[in-house]
Amino acid sequence: MADSGRGRPADPDAADGRTSSPVTVKKRAQQSPGLRPKYQSSAQGHCLRKVTLTKPTFCHSCSDFIWGLVGFLCEVCNFMCHEKCLKTLRSVCSCMTPSSVRVPVAHCFGPAGQKKRFCCVCRKQSEGNTALRCEVCELHVHADCAAFSCADCRRTHLDFTPEQDTFHHHWREGNLASGARCEVCRRSCGSSDVLAGMRCEWCGCTSHAACYLSVPPECTLGRLRCMLLHPACIRLDSRNFSKMHCYRITESCSHELDNSDDVDPSAAVSKDGQPAAPESGKQFLKVFDGDDAIKRGFFRLVSILRATRNEEVVEAALRAFYLPDEPQNFELHEIGGLQHLHSDDILNRNGGPDNKSSLKDGGDAWLLRAKPRDAEVIKVYAGWPRSGAAFVSVSVSQSSSAASVLTEVLSQLDRQEEDVSSFSLLEVCMNSKQVQRQTLTPQEKILEKLQEIRKVSLRQMNQTRFYIVENRNWALQVRLLIGGLPPLLTKEEYVQLIEEHLTIKSHLVTVSHIYTSQGAVALQVSCFSEAERIYMLAKDTAVNNKTLTSLVIPEIQVNKLAADVCPLLVFVNPKSGGLKGRELLYSFRKLLNPHQVFDISNGGPLAGLHTFQEVPRFRVLVCGGDGTVGWVLGVLEAVRHKLVCREPPIGIVPLGTGNDLARILRWGAGYSSEDPHHILVSLDEADEVLMDRWTILLDAQDISEDGKDNGFLEPPKIVQMNNYFGLGIDAELSLDFHQAREDEPDKFTSRFHNKGVYVKVGLQKISYTRSLHKELQLQVDAQNVPLPNIEGLIFLNIPSWGSGADLWGSEVDGRYGKPSIDDGLLEVVGVTGVVHMGQVQSGMRSGIRIAQGNYIRLTVSKPIPVQVDGEPWIQPPGHIIISAAGPKVRMLRKSKQKQKKSSAVKDGRSESPSSRDGGH
């Protein structure tokens, strides 16, 4: 479970300390009459005190308004609740979150959007440049809180951890949609005012924090189950790779975050970097939690009264680092000095213990240290599925070794008959950015190990746990896809290139697939260190002045796919649609398994198609413009023979400028911030239709005036066409737009601006004249067709051109059939100039109908602008042949039936959280 209600120190006014038990509260109240009473939840780790409310406040447990003047505030994580909610308190305090992690999985932090969110660590609002979010789950944190989150992300694949018998919900607290309803009591559980409510990040089920334990523990994956890749179906050996590498997330967005732990995260620092002016009677202490923090300059500012017992200072320091331990087990050491503070010492403004300088006046920095212990109790978790408690408690002393701990654990697990040497003790550090595992030697002293970890970092100790695992020889296979190689080489030439530039070890590396048309090879590596070396080296290697690409590819275990599952392969072009492509990429990673969502700008469509090569049936969703759709269709055609499912149906989310193909398939003129969850539901309900594709052979030759060929000008070129092919004025406008976009790409981030540029270049060509009929000879189905006096010639495969215009027209003509995307015919249309094109765009006129046919031959006598599906260039004289390209492709057309509003409610959500991130 991932209860992400973790915390940052509350207001400095609340820095009196944290009680560990009611007995301790009573004892301390007797010793210090000035202390305010505190209340601790029985199991959730909160340090609650009664506060007087001075402004409107909402309860974090039930999300209702707190009427009256009294509330209960946690001094660690800022949790606030009614007095009545104390009896049903289920939200875990930030200091206890590591103990509630089921399977440690690191997060992938990236910059957050500008939407209002609440930090899952300190529960305060997070927005702007200081906010971060996980790219695959609903964790939102401040940049200075990220160091105090733990590895509680979704588990999206299997590695060396055995599969659980039951797939459980993965709960995340807060940031629910405002209309979310509790699955148990059916009351509203979302809030836009506080971090409240729970949501399963797989099925989308929502609930109150007090109700979620009443939800059946097994997760059914919700409405999207039939298109989602179950984590048990994916295997990825990823020990040496970060989650950014595993999910193919471009590292550019995370470079600035790599050193986020080095930032001073103190909440009491003003904008100029200096501590805020303390209130009267208070002072700030600079506290470090270990040697690693001193090395990196990572400290917390603790606000205390000028006359405070050291035990209370230690307590405040523990709160600052979100540590649930007892203060009597720790002490403060002055850095650079010999001064130690004991529990009976009192700090005051006139001097420290024994008249030494006070912390404020004489000590620049203080180190929080754990006192040496002769014995303690550790929790050891089972590395295999088991019923009952997830761990067993073991007492360790100075003489306890890893072997003795294993013996005791096996005895408690009723497996004492088994050989201890068949098991190992594993130390796991659940850092939020990377989960680190280390196998302890049988002779290693456990108590010394614990002291060593605490000396390095007390935070690290709180995020460390131990596992007992069985010793097994796992069959390791790391799958890499290396791209950017020269295309159309032989297998021997590709192997030679790989061996020459990457110096692979043949006994560890196997070339499993070669994609000659794409210039890519797939490798299987049986050694982690060799796989990591190849991965990093490929990114710094260039072949023929082209840098190679390297991607980590997961393995889909098709034998584990349910019979009714048709997984969805998603391609997103983040450069399309301004920032909407980037947000859609983020939203689909959260709604689906991130292993089935691919950034098409990082490795192209091949990475996704190679990942799904063994899947017997799947669907494809392309988020981008017509050019992106054509790119995917082209690569699919090239590698179709290597796929088990050779004709996957394809749906579209239109992010481009024209989006003509998306229009005729009813996906709309452009993406308008529709809820991504609703898009996926619409895709699941879409109808399959067939669409023609066409091959264009461009054979550039020197054509004399009498029409004779005088030799080749350049090698023949073959391109695929899906929408339309244009020559003349239409292509020239597209070429001018394309050149303007290449000159200033940063300006072309919105559909409105792009259309404005089209209008501008069109007005510049309004007096353009070119007798196209004198430069072209047209044959349709082996019949010569005379051309009228036109400036542009366009061949249509779909009844939409130039951002939705009907160029063919709707008039009935007995000479021609009604156009259709699967009739095996192209419509040939002419335009007389820019004015005519404008009239077609406005619906006043249609084009000049010239012919219909399935085999086109053109002879071009002069260089001429041409464009295929919006990609323009200047074509030299020669011959152009257009013919049908193999089998028809299967596309998905949005159903006319409106989606029922109740469909979302049935799955416990009226609005997906992704919609609030993905473009709203």
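Residues numbered from 1 in each chain as written. Predicted model: local features only at pLDDT ≥ 70, side-chain atom pairs only at ≥ 80, totals over all residues. Heavy atoms only, no water.

1. Re the overall build of the protein chain
Scanning the protein chain from N- to C-terminus turns up 20 helices and 50 strands. A total of 920 residues make up the protein chain; the buried ones form 56% of that total. Taking the contacts inside the protein chain whose residues are at least 6 apart along the sequence as the reference set, 71% of them involve residues at least 24 apart. Summed over all atoms, the accessible surface of the protein chain reaches about 38800 Å², with 50% contributed by carbon and sulfur. (Helix = DSSP H or I, 4+ residues; strand = E, 2+ residues; numbered from the N terminus. Buried < 20%, exposed > 50% of the residue type's maximum accessible area, 1.4 Å probe, protein only. Contact = heavy atoms within 4.5 Å. Areas by Shrake-Rupley, 256 points an atom, 1.4 Å probe, with all protein chains shown as cover.)

2. Some details on the sheet that holds strand 44 (residues 826-831)
Spatial strand order, 45-44-43-40-47-48: 6 strands in an open sheet with antiparallel pairing. Two strands in the sheet have a free side with no partner beyond their single neighbour: strand 45 (848-853) and strand 48 (871-875). Going across the sheet, the axis of each strand differs from the next one's by a mean of 20°, ignoring polarity. Alignment of strand 43 (residues 792-796) against strand 44, held across 5 bridges, turns out to be antiparallel. Of the residues in strand 44, the one forming a bridge with leucine 793 is glycine 830. (Pairing = 2+ DSSP bridges. Axes fitted to C-alpha atoms, helices over the stretch in contact; angles between N-to-C directions.)

3. Examining the pairing of strand 19 (residues 366-370)
In terms of burial, strand 19 is a largely internal element, 4 of the 5 residues being buried. Bridge count for strand 14 (residues 282-288) against strand 19 is 2 bridges, and the pairing is parallel. Bridging from a neighbouring strand, valine 287 pairs with tryptophan 366 of strand 19. Inspection of the sheet shows strand 17 (residues 330-334) paired to strand 19 by 5 bridges, in the antiparallel sense. Among the inter-strand pairings, glutamate 331 is bridged to a residue of strand 19, identified as arginine 369.

4. Description of the pattern of salt bridges
Any two side chains of opposite charge can pair if their charged atoms end up close together. Enumeration over the complete set of coordinates arrives at 31 salt bridges. A salt bridge links glutamate 376 to arginine 373; the shortest N-O distance between them is 3.6 Å. Neither residue differs from the other here; glutamate 376 and arginine 373 are each classed as buried. Through salt bridges that share partners, Arg415, Glu418, Glu470 and Arg472 make up one connected network. (Salt bridge = Lys/Arg side-chain N within 4 Å of Asp/Glu carboxyl O.)

5. A word on helix 10 (residues 528-539)
Taking 1.5 Å as the rise per residue, helix 10 with 12 residues should run 16 Å; its terminal C-alpha atoms sit 17 Å apart, in good agreement. Every buried residue belonging to helix 10 is among Phe528, Glu530, Ala531, Ile534, Tyr535 and Ala538, and all of these are buried. The buried side chains of helix 10 occupy one side of the element, clustering within an arc of 165° when seen end-on. Of the surrounding elements, those touching the buried residues of helix 10 are helix 2 (243-246), strand 25 (478-483), helix 9 (491-502), strand 26 (509-515), strand 27 (520-525) and strand 30 (549-553). (Expected span 1.5 Å × (residues − 1). Arc of directions from axis to C-beta.)

6. Quick look at the confidence of the model for the protein chain
In this model, the protein chain carries an average pLDDT of 81, and 80% of its residues clear a pLDDT of 70 or more. Every residue in residues 254-277 is under pLDDT 50, and counting partners more than four places away or in other chains gives 39 contacts. Low pLDDT (under 50) marks residues 898-911, which in the prediction has 27 contacts with non-local residues, meaning those over four places away or in another chain. (pLDDT = per-residue confidence, 0-100.)

7. Topic: the side chain of arginine 454
Mapped onto the secondary structure, arginine 454 falls in helix 7 (residues 446-456). Among residues more than four places away in sequence, those in contact with arginine 454 are Asp289, Arg369, Ala370, Arg373, Glu376 and Met461.

8. Quick word on the nonpolar core
Membership of the largest hydrophobic core comes to 79 residues, with the highest contact counts inside it found for Val570, Phe588, Leu592, Leu621, Leu680 and Met891. It is helix 13 (residues 626-639) that contributes the most residues to this core, 6 residues altogether. In this structure methionine 891 touches Ile650, Ile652, Leu661, Leu665, Asp687, Glu688, Val689 and Met691, once residues within four positions along its chain are discounted. Grouped together as the second largest cluster of nonpolar side chains are 69 residues, Val76, Cys81, Ala147 and Leu367 included. (Core = buried A, V, L, I, M, F, W, Y, C linked by side-chain atoms within 4.5 Å.)

9. Quick notes on the environment of glutamate 470
Considering the arrangement of structural elements, one finds glutamate 470 in strand 24 (residues 464-470). Glutamate 470 sits 50 residues away from valine 420 along the chain, and the two C-alpha atoms are 9.5 Å apart. Once you skip the residues sitting within four places of it in the chain, glutamate 470 turns out to touch Trp384, Arg415, Ser422 and Phe423.

10. A word on the pairing of strand 23 (residues 435-440)
Where strand 22 (residues 423-430) meets strand 23, 6 bridges bridge the pair, whose relative direction is antiparallel. By the bridge assignment, leucine 425 is partnered in strand 23 with leucine 440. The hairpin formed by strand 22 and strand 23 contains 4 residues between the paired strands.

11. Quick word on the packing of helix 11 (residues 580-591) against helix 15 (residues 676-684)
Interaxial distance between helix 11 and helix 15 falls to 10 Å at its minimum, and their mutual angle equals 70°. By the angle class used here, helix 11 and helix 15 are roughly perpendicular. Judged by the sense of rotation from one axis to the other, the crossing of helix 11 with helix 15 is right-handed. Contacts between helix 11 and helix 15 pair Leu584, Ser587, Phe588 and Leu591 from the former with Pro676, His677, Ile679 and Leu680 from the latter. Across the contact of helix 11 with helix 15, the residue classes break down as 6 nonpolar, 2 polar and no charged. (Parallel < 35°, antiparallel > 145°, perpendicular 65-115°, else oblique. Left-handed = near helix turned anticlockwise from the far one by under 90°. Nonpolar A, V, L, I, M, F, W, Y, C, P; charged D, E, K, R; others polar.)

12. A word on the sheet that holds strand 25
One open sheet holds the 4 strands; their spatial order is 26-27-25-30, and the pairing between them is antiparallel. Edge strands, defined here as strands with exactly one partner in the open sheet, are strand 26 and strand 30. Each strand of the sheet is rotated relative to its neighbour by a mean of 25°, with strand direction disregarded. Pairing geometry for strand 25 and strand 30, over 5 bridges, is antiparallel. Among the inter-strand pairings, isoleucine 482 is bridged to a residue of strand 30, identified as serine 550.

13. So, the side chain of arginine 369
Note on placement: arginine 369 falls in strand 19. Separated by 2.6 Å, the side chains of arginine 369 and aspartate 291 make a polar contact. When sequence neighbours within four positions are dropped, the list of residues in contact with arginine 369 reads Gly290, Asp291, Asn329, Phe330, Glu331, His333, Arg454 and Lys455. (Polar contact = N/O pair within 3.5 Å; in protein donor to acceptor, adjacent residues only side chain to side chain.)

14. A look at unusual backbone geometry
Residues other than glycine seldom take positive phi values, yet asparagine 175 does so here, at roughly 60°. Here asparagine 175 lies in the loop between strand 10 (171-173) and strand 11 (198-200). Residue classification places asparagine 175 among the buried positions, given a relative accessible area of 4%. The backbone phi angle of asparagine 544 is positive, close to 55°, even though this residue is not glycine. Residue placement: asparagine 544 occurs in the loop between strand 28 (542-543) and strand 29 (546-547).

15. Re the environment of proline 594
Within the secondary structure, proline 594 sits in the loop between helix 11 and strand 33 (597-599). Residue proline 594 is classed as buried on the basis of its relative accessible area, which comes to 0%. Taking C-alpha positions, proline 594 is 9.3 Å from arginine 248, a pair spaced 346 residues apart along the chain. Among all residues touching proline 594, those that are not within four sequence positions of it are Val136, Arg154, Thr156, Tyr247, Arg248 and Arg589.

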